[in-house]
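Breakdown of the fold
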Amino acid sequence: MSALPISINPNPFTPKSTPTPKPYSPTISISQNPNRIRSKYRSSPTWTTVDYTCKIDPIHVVPNSPIVPMTSNMGAVDTNVKYSKKVCLFYCPETKALADGIAAQSDSIELRSINWRTFEDGFPNLFIENAHGIRGQHVAFLASFSSPGVIFEQLSAIYALPKLFVSSFTLVLPFFPTGTFERMEAEGDIATAFTLARLLSSIPTSRGGPTSLVVFDIHALQERFYFGDSILPCFESGIPLLTKRLQQLPDSDNISIAFPDDGAWKRFHKMLQHFPMIVCAKVREGDQRIVRIKEGDPSGRHVVIVDDLVQSGGTLIECQKVLAAHGSSKISAYVTHGIFPNRSWERFKHDNGGTPGDGFAYFWITDSCPSTVKDVKDKRPFEVLSLAGLIAAALQI
């Protein structure tokens, strides 16, 4: 009996005649641990197993899920959804009325109180009510630096609040008071606006990071660069209040905006560019500085003079006279900050109609200076546009 021929394959795992390999598809299996995915793939005659660990949320594998094509509106935010955060708002005695108005804007803003007392020597004796109750909360303080005498006591509270383990801290200072008269013209001039900015830049950080500072229509635009990196200034404007009010006037289609100087034009013209504009300027004639119209035509128009603040009001009154002399039918004014030292608001008379050179149809201010609001209440031509809504919105940032 003859032996059968035997063919020996040197690799017992590979057939003598190797077929064309099929593409290998990975298989996914879920282990008992919901945060672990096991992926098996075959790139060789053997299987390789790799475990992927997800430290965030378990990934749910849906078998045979359809492929959804990408569209241009994927990821769009639903504008109907309102997001709000709870804010504990503290305030000083001077800003109580404005704080009430802010809290009335939203149920997410809760007023909290500080006991403002003084010792017998006149120094502050302050106490934060329910200090433990604001731990982990978003906290804000509504300040009014109306005079140097109140700055120290408010700074004491401002420095204390972020250290009470709050989630974040926001300082709302509607009117940044220093620097309105300062001119750095000679060696030895001191920029007190820089000093105040440094004081605010030293507010302790909260658990959420640096303090946010909300200021409206800061007088000198370069003052924004006085603040350090440990505070986050948010510069807002009261101009939206003015534009809304102008739309409510019966002659809203006959409004022109006048600026008393180039500085006011530079800072506000982009927010009011849908109105015809008039720019005034001060020119020197001999020893006098006279206001002239630089560009624009006020003839037959209700002209609204716009600036960031008013002190004595001399410039506004000069603008009023020159606009009336050039045929303006009605003259009004708007400033975000009505300071009016020494009751200078009494200089502004009401125009009962037909005599724009003698008075103003309206004089709009905001409630950034609470003492002025009390002085001009129910006195024409003054009308107060409240910052409450804008501040409530800023607290949601």
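Provided above is the structure to which this section pertains.
In short, a report on the structure. From a predicted model like this one, the values you see are computed outputs, not experimental measurements.

Counting secondary structure elements, the protein chain contains 8 helices and 18 strands. Sequence-distant contacts in the protein chain: of pairs separated by 6 or more residues, those separated by 24 or more amount to 62%.

What follows concerns the sheet that holds strand β5 (residues 109–111). With parallel pairing, 6 strands are arranged side by side in an open sheet as β5-β4-β8-β9-β10-β11. Two strands in the sheet have a free side with no partner beyond their single neighbour: β5 and β11 (231–236). Neighbour to neighbour, the strand axes of the sheet diverge by 25 degrees on average, direction disregarded. Pairing of strand β4 (residues 87–91) with strand β8 (residues 138–142) involves 5 bridges; the strand directions are parallel.

Gaps left between atoms show up when a probe the size of a water molecule is rolled over them. For the coordinates displayed, the defined rule picks out 1 cavity of 30 Å³ or more. Here the largest cavity is characterised by a volume of approximately 40 Å³. Of all the secondary-structure elements, those providing two or more residues to the lining of the largest cavity are β8 and β9 (168–172). Residues of the lining of the largest cavity, tallied by class, amount to 4 nonpolar, 3 polar and 1 charged.

Evaluated as defined, the whole model comprises 14 aromatic pairs. With 5.8 Å between their ring centres and 70 degrees between their planes, Phe340 and Phe348 make a pair best called edge-to-face. The pair Phe340 / Phe348 is uniform in exposure class, with both members buried. Between the aromatic rings of Phe363 and Phe382, the centroid separation amounts to 5.2 Å while the plane-to-plane angle is 40 degrees, which identifies the pairing as tilted. Highlighted residues: Phe363 in strand β17 (residues 363–366) and Phe382 in strand β18 (residues 382–385), separated in sequence by 19 residues. Taken individually, Phe363 and Phe382 each receive the classification buried, so the pair is uniform in this respect.

On to helix α3 (residues 192–201), then. Taken as a whole, α3 has its buried residues at Ala193, Leu196, Ala197, Leu200 and Ser201. In a view along the axis of α3, the buried residues occupy a sector of 140 degrees, so they form one face of it. In this structure, the buried residues of α3 make contact with α2 (148–160), β9, β10 (211–216) and β11.

With that settled, consider the pattern of salt bridges. On inspection of all chains with the given rule, the structure shows 6 salt bridges. A salt bridge links Glu383 to Arg245; its shortest N-O distance comes to 2.5 Å. Separated by 138 residues along the polypeptide, Glu383 in strand β18 and Arg245 in helix α4 (residues 239–247) bring together distant segments of the chain. We classify Arg245 as buried; its relative accessible area is 16%.

In space, the 7 strands of this open sheet follow the order β14-β13-β12-β15-β16-β17-β18, with mixed pairing throughout. Lying at the two open borders of the sheet, with one neighbouring strand each, are β14 (288–295) and β18. Sheet twist, expressed as the mean angle between neighbouring strand axes with direction ignored, is 25 degrees. Here strand β15 (residues 302–310) pairs with strand β16 (residues 330–338) via 8 bridges, running parallel. Each bridged residue has a counterpart across the sheet, and for Val304 the counterpart in β16 is Ser332. Along the sheet, helix α6 (residues 314–325) makes contact with β12 (255–259), β13 (277–285), β14, β15, β16 and β17, crossing β15 at roughly 165 degrees.

The amide bond that connects Arg380 to the next residue, Pro381, takes the cis arrangement and shows omega of 15 degrees. The phi angle at Arg343 is positive, at roughly 55 degrees, despite the residue not being glycine. In this fold, Arg343 is placed in the loop between β16 and β17. Relative accessible area serves as the criterion here: at 44%, Arg343 is assigned to the partly exposed category.

This next bit is on the environment of Ser147. Structurally, Ser147 is set in the loop between β8 and α2. Overall, Ser147 belongs to the partly exposed group, its relative accessible area being 29%. On a C-alpha basis, the gap between Ser147 and Pro177 in space is 8.4 Å, while along the polypeptide they are 30 residues apart.

Now for a nonpolar patch on the surface. A cluster of nonpolar side chains, contributed by Phe119, Phe123 and Phe152, occupies part of the molecular surface with about 340 Å² of accessible area. Along the polypeptide, Phe119 turns up in the loop between β6 (114–118) and β7 (124–128). Residue classification places Phe119 among the partly exposed positions, given a relative accessible area of 45%.

With that settled, the discussion passes to the pairing of β14. Note: β13 against β14, 7 bridges, orientation antiparallel. When the bridges of β14 are listed, Lys282 appears paired with Val291. In this structure, the hairpin formed by β13 and β14 is closed by a connection of 2 residues, where Gly286 is found at a positive phi of approximately 70 degrees.

Quick notes on the rules
Residues numbered from 1 in each chain as written. Predicted model: local features only at pLDDT ≥ 70, side-chain atom pairs only at ≥ 80, totals over all residues. Heavy atoms only, no water. Helix = DSSP H or I, 4+ residues; strand = E, 2+ residues; numbered from the N terminus. Contact = heavy atoms within 4.5 Å. Pairing = 2+ DSSP bridges. Axes fitted to C-alpha atoms, helices over the stretch in contact; angles between N-to-C directions. 1 Å grid on protein atoms, 1.4 Å probe; cavity = no way out; pocket = protein on both sides within 12 Å on 5 of 7 lines; lining within 4 Å. Points joined across faces, edges and corners; volume = space filled by probe spheres on them. Nonpolar A, V, L, I, M, F, W, Y, C, P; charged D, E, K, R; others polar. Phe/Tyr/Trp six-rings, centres within 6.5 Å; stacked < 30°, edge-to-face > 60°. Buried < 20%, exposed > 50% of the residue type's maximum accessible area, 1.4 Å probe, protein only. Arc of directions from axis to C-beta. Salt bridge = Lys/Arg side-chain N within 4 Å of Asp/Glu carboxyl O. Patch = residues over 30% accessible without salt bridge, like charges linked within 9 Å, V, L, I, M, F, W, Y side chains within 5 Å. Areas by Shrake-Rupley, 256 points an atom, 1.4 Å probe, with all protein chains shown as cover.

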